[in-house]
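# Per-entry structural report
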Amino acid sequence: MPSITTVVAQALHTAATVLREDAPQDGMAFGELWERVLARNPGLRDDWAQAMPDSLPVAGARFKNYVNRNASSLVRAGWLYRAQRRWQLTGVGADALDRFPDPVDFSLEAGRRYRRWERQQREVSVAVTALEQLPDSGSWVVLEEVAAEFGVDPDVLATVLCGTRPPGWYLALGEDGRAGAGLPLLPHERDQWRSLLDEEGLLDAGRSSLDTVRALPDRRMPVREALVAAKQPLEETAADEETPRQLWIIRGVDAATGVPLVRGPWRDDSKVTLDTGFPPPTAGARDLDSVRRAVETALPATGPARREAIARELDAFLNRMRKGDIVLSTDGFQTYVGVVDGPAAHSAERLERPVDWRNLNKPLDFLKDLPSGLSSVVQDADSQVLEATEYAETVLALIGDMPRTAPLPTGPAVLPDATADLAEALHMPDTTWLQDCVELLRATPQLIFHGPPGTGKTYTALALARHLAGASSATNVRLVQFHPAYSYEDFFEGIRPRLGAGQDGDTGGGLAYDLVRGPLRKLADEAERRPAEVFVLVVDEINRGHLAKIFGELYFLLEYRNERVHLLYGSDDGRGFRLPPNLYILGTMNTVDRSVAYMDAAMRRRFSFMELHPDTPPVAGLLSSWLRGRAEERGEDPDTYDDSHVRLLDEINRLLADGSPGDRSFRVGPSYFMQDLAHTGDGALERLWKTQIIPLLTEHHWGDGTDVEAVYGLPVLRARLNIPPPADAGPADSADDPANQ
């Protein structure tokens, strides 16, 4: 009896052969390709039916879908290219056919190459994103330099570019400007490269021929310079006047002398620096995840908590800090303030930014001149870079520098309607449900998303919050999570001890006590200062805290936004405090932890509620939509996507509904099946089941005598639903799977 692996390998090898012989240049739609594969190798259907006897009712469709899905490994290997739903064989693929005439060897090599890409897919993604900035830059880069810049194997990057061809793929060339960077090319591929380089004005016609395409050598640019020229200054300067200035506290000490750097090179050279101890991430690391990966690569022996702290500081200095932001640094009690004057630059183990220092001859005293809240932040010795944007305008006023040339706009803030882009990002069919949320917030500025685990409550809340805040979402949206120990002092404001300063400026003066603002107070103060902007506080797991204790006197303000109350610690200076009308609160509530019905009646009156439940829109059908989109992104036919995850989820929820009719509080949401863990690497679904699905269901059935594995085990459900195990399942996995018995 043939194995699944052998049958699929024969189908893929036949498909590649058909493409080379019948459509070497124009490619072929998968439907037509599949018909020719079966015509050339008619025994494939019977072999599949023997390998998968349980799939006989839908054998043809499932076989076609299975092969289509596995073809993605050939794309990542650079052997196939899919454009406008037509498959093409690349020169690398044609070379592979010659080198691996045996179908199984051909398929195994593609699988090995796919797994090499899979291990580096994050780094590859960042490198590809950087290359997408290069068109119209008037330059080309060496592929090996790009690979080194982002920590990718050059051959992996080259083959991925060959198979996916994102914008800018053709500008990554060999050391001598040769198209293909050493890869075998078919004649039409050389013609395409020649045409693209000619359009960019980069073709070296004198050194190009029928067999070789080269770029002009004088248009080669080092990858760092090319990326900066293509992207970074645009991001640093565009729209800075339209966004609020941020305040950054920067620390730096000379390692040899212990003298603050602001006393020496920072002052003399008009700059600030961030020493890393390793080659820092470059302009291509445009988000926190990219910086995290760079830090993990550079500091594998460092603890996770320390790596995370380093990554956040680097991301703040490299990506979040902008031209025009305010920096503050201290030398003892002397406090110096400057304005960021340009983008980050890189050296061997350091990041630098130019700074226009404003008060070098008249430093501030951070104890006497700065607000107590800011002075306590300045004294925090644990970080090199800290954000304190809520004090930006106060600091600017102290040094006589106005933050804007035009006055701040006045309110009222306007909530934007839900958009098709937001619905698409959340995989919702339309904007109806989201627009309902917006309308509820316009009527009552507090809204709670409630539902079972895995329904995307927090993800949806954050996405909606960022949409509502618009361009200012980085500063105007904050997330907190309630828990049983969370208090009013944590949430709003409270007294916190710190080490006081002695006579000589050390910390030997005993304990001092400051009134420290919490996330709600900080956001409310900012919302008062900027009434034309939308601010959103997202409270995750809102029902896990003691709401009456956490909100205190603010309970009243949730319903009466135009009223004022006197605060517990008197920080309102007798004027009273209000929750600004442009501050909105989004909460999430897991109905498994506590039913919505048990919530305090007064709190329920102050919030609107929207349910996210697997049985009803917009969650119903969400997984199918997501899997269809994922298939299309990977170059597969979205109409033939693998629906096994959908069927498994539906079966789990059917069993749960049968076990507790009338109780909708516990179901399993689709988010569990929409994470990388469920789709990455061999045995992905098995790992998801073992580490998340079974523990979740075990907790739900705790004490009721249910044998969770016997009812919900993955092999059991696969057998019941006639879902075959994956083709890459090992012998042991296949033997234990009832679907193969």
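Being a predicted model, the structure only gives us computed values, none of them experimental. (Residues numbered from 1 in each chain as written. Predicted model: local features only at pLDDT ≥ 70, side-chain atom pairs only at ≥ 80, totals over all residues. Heavy atoms only, no water.)

### Describing the packing of aromatic side chains
This is how the line gets drawn: Each Phe, Tyr or Trp ring (for Trp, its six-membered ring) is paired with any other whose centre lies within 6.5 Å, and the angle between the two planes then decides the class: stacked below 30 degrees, edge-to-face above 60, tilted in between. Partly exposed describes any residue whose relative accessible area lies between the buried limit of under 20% and the exposed limit of over 50%, with all areas from a 1.4 Å probe on protein chains only and scaled to the type maximum. Here, a charge over a ring is recorded when the distance from Lys NZ or Arg CZ to the ring centre is within 6 Å and its angle to the ring normal is within 35 degrees.
With the rule as written, the count across this model stands at 13 aromatic pairs. Taken together, a centroid distance of 5.2 Å and an interplanar angle of 90 degrees make the contact between Phe482 and Phe491 edge-to-face. Neither Phe482 nor Phe491 differs from the other in exposure class; each is buried. Cluster of aromatic residues (ring-pair linked, three or more members): Phe482, Tyr486, Phe491 and Phe551. Here the basic side chain of Arg165 rests over the ring of Tyr81, its NZ or CZ set 4.0 Å away from the ring centre.

### As for the confidence of the model for the protein
Low pLDDT means the predicted atomic positions in that stretch should not be read closely. Where we set the bar: Across the chain, each position has a pLDDT score giving the predictor's confidence in that residue, from 0 to 100. Every helix listed is a DSSP run of H or I at least four residues long, and every strand listed is a run of E at least two residues long, numbered separately from the N terminus. For this analysis, residues touch if any pair of their heavy atoms sits within 4.5 Å.
A residue-level look at the protein finds 85% of positions with pLDDT of 70 or above and a mean pLDDT of 80. Ranking the helices and strands of the protein by mean pLDDT puts strand E18 (residues 535–540) first, with 94, and helix H13 (residues 232–237) last, with 37. In the model, residues 54–59 has pLDDT below 50 throughout and makes six contacts with residues more than four positions away in sequence or in other chains. A low-confidence stretch, residues 729–741 stays under pLDDT 50, and its non-local contacts, those more than four residues away or across chains, total 18 contacts.

### Quick notes on the environment of Gly91
Among the structural elements, Gly91 can be located in helix H6 (residues 91–99). Note on Gly91: relative accessible area 4%, which makes it buried. Distance from Gly91 to Gly78, taken between C-alpha atoms, is 8.7 Å for residues 13 residues apart in sequence. Look past the residues within four positions of Gly91 in its chain and what remains in contact with it is Pro184, Leu185, Leu186 and Glu189.

### A closer look at helix H11 (residues 187–199)
Stated precisely, the cut-off is as follows: Helices are assigned an expected span. That span is 1.5 Å times one less than the residue count.
With 13 residues, H11 extends 19 Å between its outermost C-alpha atoms, agreeing within 8% with the 18 Å of an ideal straight helix rising 1.5 Å per residue. Of all the positions in H11, only His188, Glu189, Arg190, Trp193, Leu196 and Leu197 are classed as buried. At the exit of H11 stands Gly201, carrying a positive phi of roughly 75 degrees.

### Observations concerning the pattern of salt bridges
The condition that has to hold: Salt bridges are counted wherever a side-chain nitrogen of Lys or Arg sits within 4 Å of a carboxyl oxygen of Asp or Glu.
Counted by the stated rule, this structure contains 42 salt bridges. Arg292 serves as the salt-bridge partner of Asp289, at 2.8 Å between the closest nitrogen and oxygen. Here Asp289 pairs with Arg292, and both are found in helix H15 (residues 288–298), just three residues apart, close to one helical turn. The shortest N-O distance in the salt bridge between Arg320 and Glu387 comes to 2.2 Å. Of this pair, Arg320 sits in helix H16 (residues 304–320) while Glu387 sits in strand E13 (residues 385–387), placing them 67 residues apart in sequence. According to the relative accessible area criterion, Glu387 is partly exposed, its value standing at 31%. Sharing partners across several salt bridges, the network here consists of Glu21, Asp22, Glu32, Arg36 and Arg40.

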